[in-house]
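A look at the structure
Chain by chain, the residues:
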Amino acid sequence: SLEVLFFLGLLTSYNPLTYTLTFNDLLILDEFSSFIKTIIILTTACTILISIKYNHFERINAFESIILLLLAVTGILLLISSFNLISIYLAIELQSFCLYILAALNRTSEFSTEAGLKYFVLGAFSSGLLLFGLSLIYGFTGILNLGDLFQFLCVSPYNLYIINGINLASLFILVGLLFKLSAVPFHLWAPDIYEGAPTTITAFFASVPKIGILALLTRFAYLGFYDIFFSWQELFVISSICSILLGTFGALMQLKLKRLLAYSAIGHMGFMLMGFSCGCFEGIHATFVYIVLYMMMAVISFTFLLGIYQKKKLTRLNYLKDLTILTNSNPLIALSIAFTFFSMAGIPPLAGFFSKMFLFIVAIQSSMYTIAIIVVLTSVVSCFYYIRVIKLVFFDTSYLWVTLVRLDREKSIIVSVITTFLICFAIYPLPIVYGVQNVLYFIVRNQFDLFYT
């Protein structure tokens, strides 16, 4: 599986076909899609590396899980390059069906079966709404290609009935996509699925599928439906604020680590949607810088969950109170957890602070002062449950000496590399900031030339 991802990364990085539409304009190959694909391949490789011992320990059929994981990644990669409404829906369904099975992969656990069934029922409902919205777009315009749709909305004389129909269709599309992102008010599935699914699958859910949906939203909002983006903006703003508020106050009451990370993911998704709601290039730039840094923090958080367990009882971290054994047992891991959760809280000078700062600056520049004030105040409240984890690790230490199983080499490398990056990002942030800016500049300027010439 890692070999497949390695060669896939090479093909993505050194693809001779660039700036072109392929397969009868169903797919687009550009710098933006290559950048997002690289992030997905690296995140998936890290997820597979940290899951090897867990699958053996939990007696999960690793062969099935790896095949389904790679099929889900295939669907996500196709989704990122999709430039046609049909290919978009088929790619979403390919990844969704694999995710439904992955959620119920642990057949000996009733919680995993429940998670898979919930995800399937609710996911099928959201896919139906998405398909209905896409079919309305085709019914009102007769267009499936995103480039043609952009030209239709820019050049064609405005027909009130058609515009109202497109606005109605876009509402159904956004509902379906916001469900996939676990954004409020379509978030109710996330905590139960995160808790019930195997932890390795939860690590995959928390990161990889959301990148693909956000890349699709970027193409929709800044290309296909750019001329009616103002009608989307209010929905993005409301969903963003509600996600941050619910993610923050929901996490305050959690006692289990996986549910805490689920509500934390909902809050982080609110920050990403805040960048989208600004409706400018700087907003999307700040959003994707946030995505890159959030992926690293999500991977290292689940590495701790999967790698720390007692040697005698072979019990893993489940509740927050289980963290009290870390200071005496493994102080270096405890220190890495502190840096990770400080970064997720947005404490300077760690990387998480700069990702949130970029979003706040863009919101203020876009005259969204009320939203910026609400989000800043909510961020202060969210520091409580992150710092509570650090308090449990360092100040509520257990008097029992517990021996932990040593982290394997793969997890140790991932933890050390990401922790070093989170600390050193303040010293030299330019590669990430300017790298993301150069890639996203393509979708604003060069991509229009692709279907105008």
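Sequence order as written defines residue numbering, which begins from 1 separately in each chain. In view of the model being predicted, local features appear only for residues whose pLDDT reaches at least 70, and side-chain atom pairs are presented and counted only at 80 or more, with totals across whole chains, interfaces and linings using the full set of residues. In computing side-chain values, all of the structure's heavy atoms are included and hydrogens and water are not.

Here's the deal with the pattern of salt bridges
In a structure, side chains of opposite charge can pair up when their charged atoms sit close to one another. When a carboxyl oxygen of Asp or Glu is within 4 Å of a side-chain nitrogen of Lys or Arg, the pair counts as a salt bridge. The full count for this structure, using the stated rule, is 7 salt bridges. A salt bridge links Lys-118 to Asp-192, with the shortest nitrogen-to-oxygen separation between them at 3.0 Å. Within this pair, whereas Lys-118 is found in helix α5 (residues 110–141), its partner Asp-192 is found in helix α8 (residues 189–196), the two being separated by 74 residues in sequence. Per-residue accessibility, obtained with a 1.4 Å probe over protein chains only, is compared with the maximum for each type, and a residue is labelled buried under 20%, exposed over 50%, and partly exposed between these values. For Asp-192, a relative accessible area of 28% puts it in the partly exposed group. Asp-408 serves as the salt-bridge partner of Lys-411, at 2.7 Å between the closest nitrogen and oxygen. Of the two residues examined, Lys-411 and Asp-408, each falls in the buried class. One salt-bridge network, held together by shared partners, links Glu-114, Lys-118, Asp-192, Glu-195, Lys-256 and Arg-259. Numbering of helices and strands starts at the N terminus; helices are DSSP runs of H or I of at least 4 residues and strands are runs of E of at least 2.

So, the side chain of Arg-259
Checked against the element boundaries, Arg-259 lands in helix α12 (residues 257–277). Given the relative accessible area of 18%, Arg-259 is considered buried. In this description, contact between two residues means that some pair of their heavy atoms is separated by no more than 4.5 Å. Not counting residues within four places of it along the chain, the set of residues in contact with Arg-259 comprises Pro-191, Asp-192, Glu-195 and Gln-254.

Regarding the environment of Gly-139
Its location among the elements puts Gly-139 in helix α5. Remark: the alpha-carbon pair of Gly-139 and Leu-257, spanning 118 residues in sequence, is separated by 46 Å.

A word on the packing of helix α11 (residues 229–252) against helix α17 (residues 369–394)
Axis lines are fitted to C-alpha atoms, over the contacting stretch for helices. Their N-to-C directions set the angle, which ranges from 0 to 180 degrees. Where α11 meets α17, the closest approach of the two axes is 9 Å, and the angle between their N-to-C directions is 25 degrees. One finds that α11 runs roughly parallel with respect to α17. As α11 runs across α17, the sense of the crossing is left-handed. Mapping the contact onto sequence places Val-237, Ile-241, Ile-244, Leu-245, Gly-247, Thr-248, Phe-249, Ala-251 and Leu-252 in α11 and Ile-371, Ile-374, Val-375, Thr-378, Val-381, Ser-382, Phe-384, Tyr-385 and Arg-388 in α17. Classification used: nonpolar for Ala, Val, Leu, Ile, Met, Phe, Trp, Tyr, Cys and Pro, charged for Asp, Glu, Lys and Arg, polar for all others including Gly. Residues of the contact of α11 with α17, tallied by class, amount to 13 nonpolar, 4 polar and 1 charged. Just so you know how the angles are binned, under 35 degrees is roughly parallel, over 145 roughly antiparallel, 65 to 115 roughly perpendicular, and the rest oblique. A crossing counts as left-handed when the near helix is turned anticlockwise from the far one by less than a right angle, and as right-handed when that turn is clockwise.

Describing unusual backbone geometry
Following Val-184, the chain continues into Pro-185 via a peptide bond in cis, with omega recorded as 5 degrees. Geometrically, the link from Pro-348 to Pro-349 is a cis peptide bond, its omega value of 5 degrees lying close to zero. Looking at the secondary structure, you find Pro-349 in the loop between α15 (331–345) and α16 (351–365). In this model, Phe-23 sits at a positive phi of 55 degrees, which is unusual for a non-glycine residue. Along the polypeptide, Phe-23 turns up in the loop between β1 (20–22) and β2 (27–29). Assessed through its relative accessible area of 63%, Phe-23 is described here as exposed.

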